[in-house]
Amino acid sequence: MMKAIFALTLTLYFISIRSLATSSIQIDNNGYSNILIALPRNLEKTEDRTRMINNLKNLLQQSSAKLMNATKGRAYFRNVTFIIPSKWNDPEYSMSDSQNSTSTFHSETEINSEVADIVVTDSPEDTSSYVLHHRGCGYHALRIYLSTGFLLSNHVLQNSSEFVRLWAEYRYGLFPEGGFQEDEKYPPTYQLPWKSTSSVTGCSSGKHCIYIPGSDDESCEEQFTSSLMDQNLPKASWFCEVEHYLGVRHFPEAPSKHNLLCREEGTWFTVL
């Protein structure tokens, strides 16, 4: 399998301004490059800025490996550019080593975060992240929003599967496969007319465990393999397949958002 090489570029200013909703991401030899991440302007403390950058670097390293695994060697993160606000004039952000390079471009116009592929929001209290969709199934979305709280968390490295899930929504036009609490349209469990028991919304290979979304029972999750697009199972690492022997089996009858918006097809089929 190809070894995932990850390079990070920190950028203070960017020369050209891309048009809104136009991504310049490229993929070459399975590696994604030209990914722009806009950092929050109003992060005041230098230690928080340094922590965010370090957490992002580590998160992207782990996510790159998980993306390579989930796509069966077809994709990883080759190069990412951080858009650092001019307000962040700390000299320690200029760094270079054998794996990470720094480039600083100066321009009279500061880049607008709306042209970024990923935007880090300002709120340190909010830990929720999401994808802004503007098209349908199978089409790349507008951008990813990561919260400051998500990136300053002590558990940020545990969120690499969540980041890959967000990337899959953004790049491949996938949607969540897990259910949502108190949601009649996308419930956490469902029951088919010909069955006497309920099933968990999603797709998994488990037969001996019913995981209740929102619970703290991690031991339950360890007993089966679930879809990477199930937002309730952060340790999942595969996309759902049509056939069980290819990977995690897809259940087209599950009332998930992906099934509704993607004609009941498995997430791996949508990726391809």
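None of these values were measured; they are calculated from a predicted model. (Residues numbered from 1 in each chain as written. Predicted model: local features only at pLDDT ≥ 70, side-chain atom pairs only at ≥ 80, totals over all residues. Heavy atoms only, no water.)

This part is about the pattern of salt bridges. Where charged atoms from two side chains of opposite charge approach closely, those side chains can pair. Under the definition given, this model contains three salt bridges. Between arginine 165 and glutamate 162 there is a salt bridge, with its nearest N and O atoms 2.8 Å apart. One end of the pair is arginine 165 and the other is glutamate 162, both in helix 3 (residues 160-172) and three residues apart, which spans about a single turn. Where arginine 263 meets glutamate 265, a salt bridge forms, and the shortest distance between an N and an O atom there is 3.6 Å. (Salt bridge = Lys/Arg side-chain N within 4 Å of Asp/Glu carboxyl O. Helix = DSSP H or I, 4+ residues; strand = E, 2+ residues; numbered from the N terminus.)

Here the chain averages 77 in pLDDT, and 71% of its residues register 70 or above. Ranking the elements of the chain by mean pLDDT puts strand 7 (residues 101-102) last with 36 and strand 10 (residues 143-146) first with 95. Overall, residues 12-21 carries pLDDT values under 50, and its contacts beyond four positions in sequence, including any with other chains, amount to 34 contacts. Residue range residues 94-109 is modelled with pLDDT below 50. Its contacts to residues more than four positions away, or to other chains, number 38 contacts. (pLDDT = per-residue confidence, 0-100. Contact = heavy atoms within 4.5 Å.)

For the rest of this paragraph, the subject is the pairing of strand 4 (residues 35-38). Of the two faces of strand 4, the one holding Ile35 and Ile37 and the one holding Leu36 and Ala38 are both buried throughout. Pairing between strand 4 and strand 6 (residues 79-83): four bridges, direction parallel. Across the sheet, alanine 38 pairs through a bridge with isoleucine 83, a residue of strand 6. Direction of pairing for strand 4 relative to strand 8 (residues 118-120): parallel, over a ladder of two bridges. Directly across from isoleucine 37, in strand 8, lies its bridge partner isoleucine 118. (Buried < 20%, exposed > 50% of the residue type's maximum accessible area, 1.4 Å probe, protein only. Pairing = 2+ DSSP bridges.)

Tracing the backbone through its elements, the reader meets serine 256 in the loop between strand 14 (248-249) and helix 5 (257-261). With 55 residues separating them along the chain, serine 256 and threonine 201 place their C-alpha atoms 6.4 Å apart. In contact with serine 256, other than residues within four places in its own chain, are Pro176, Glu177, Tyr186 and Thr201.

Moving on, we get to the sheet that holds strand 2 (residues 26-28). Pairing is mixed in the open sheet, where three strands are placed in the order 2-3-5. Each end of this open sheet is capped by a strand with a single partner; those strands are strand 2 and strand 5 (76-77). For strand 2 and strand 3 (residues 31-33), the ladder comprises three bridges, and the chain directions are antiparallel. When the sheet's bridge partners are listed, aspartate 28 is paired in strand 3 with glycine 31.

What follows covers the nonpolar core. Of all hydrophobic cores here, the largest spans 42 residues; its most connected members are Leu39 and Trp167. Those elements giving two or more residues to this core turn out to be strand 4, helix 1 (46-70), strand 6, strand 8, strand 10, helix 2 (148-152), helix 3 and helix 6 (267-271). Both domains that furnish three or more residues to this core are identified here as domain 1 (26-172) and domain 2 (176-271). When neighbours within four sequence positions are excluded, tryptophan 167 is seen to be in contact with Ile25, Tyr32, Ile35, Leu67, Phe77, Ile144 and Tyr172. (Core = buried A, V, L, I, M, F, W, Y, C linked by side-chain atoms within 4.5 Å. Domains from an automatic or database assignment.)

This paragraph deals with the state of the cysteines. Summed over the entire model, instances satisfying the criterion amount to one disulfide. Each sulfur in the disulfide pair cysteine 137 and cysteine 262 lies 2.1 Å from the other. Taking the sign of the S-S torsion, about 115° here, the bridge from cysteine 137 to cysteine 262 comes out right-handed. Here cysteine 262 lies in the loop between helix 5 and helix 6 and cysteine 137 lies in the loop between strand 9 (130-132) and strand 10, a separation of 125 residues in the sequence. Among the residues examined, cysteine 262 registers a relative accessible area of 0% and is labelled buried. (Disulfide = S-S within 2.5 Å.)

The two faces of strand 10 match: Arg143 and Tyr145 on one face and Ile144 and Leu146 on the other face are all buried. With three bridges connecting them, strand 8 and strand 10 associate as parallel partners. Each residue of the ladder has a partner; that of isoleucine 118, found in strand 10, is isoleucine 144.

Taking 1.5 Å of rise per residue, the 13 residues of helix 3 would be expected to cover 18 Å, and the 17 Å separating its terminal C-alpha atoms lies within 8% of that figure. With eleven of its 13 residues buried, helix 3 lies for the most part within the structure. Of the positions making up helix 3, those classed as buried are Ser160, Ser161, Phe163, Val164, Arg165, Leu166, Trp167, Ala168, Glu169, Tyr170 and Tyr172. Note on helix 3: the residue one or two positions beyond its end, glycine 173, has a positive phi of about 75°. (Expected span 1.5 Å × (residues − 1).)

All told, the structure shown has six aromatic pairs when counted by the stated rule. Taking 5.0 Å as the distance between ring centres and 20° as the angle between the ring planes, the aromatic pair formed by tyrosine 130 and tyrosine 145 counts as stacked. Of this pair, tyrosine 130 sits in strand 9 while tyrosine 145 sits in strand 10, and the two are 15 residues apart along the sequence. Directly above the aromatic system of tryptophan 268 lies the positively charged group of lysine 72, at a separation of 4.5 Å from the ring centroid. (Phe/Tyr/Trp six-rings, centres within 6.5 Å; stacked < 30°, edge-to-face > 60°. Lys NZ or Arg CZ within 6 Å of the ring centre and 35° of its normal.)

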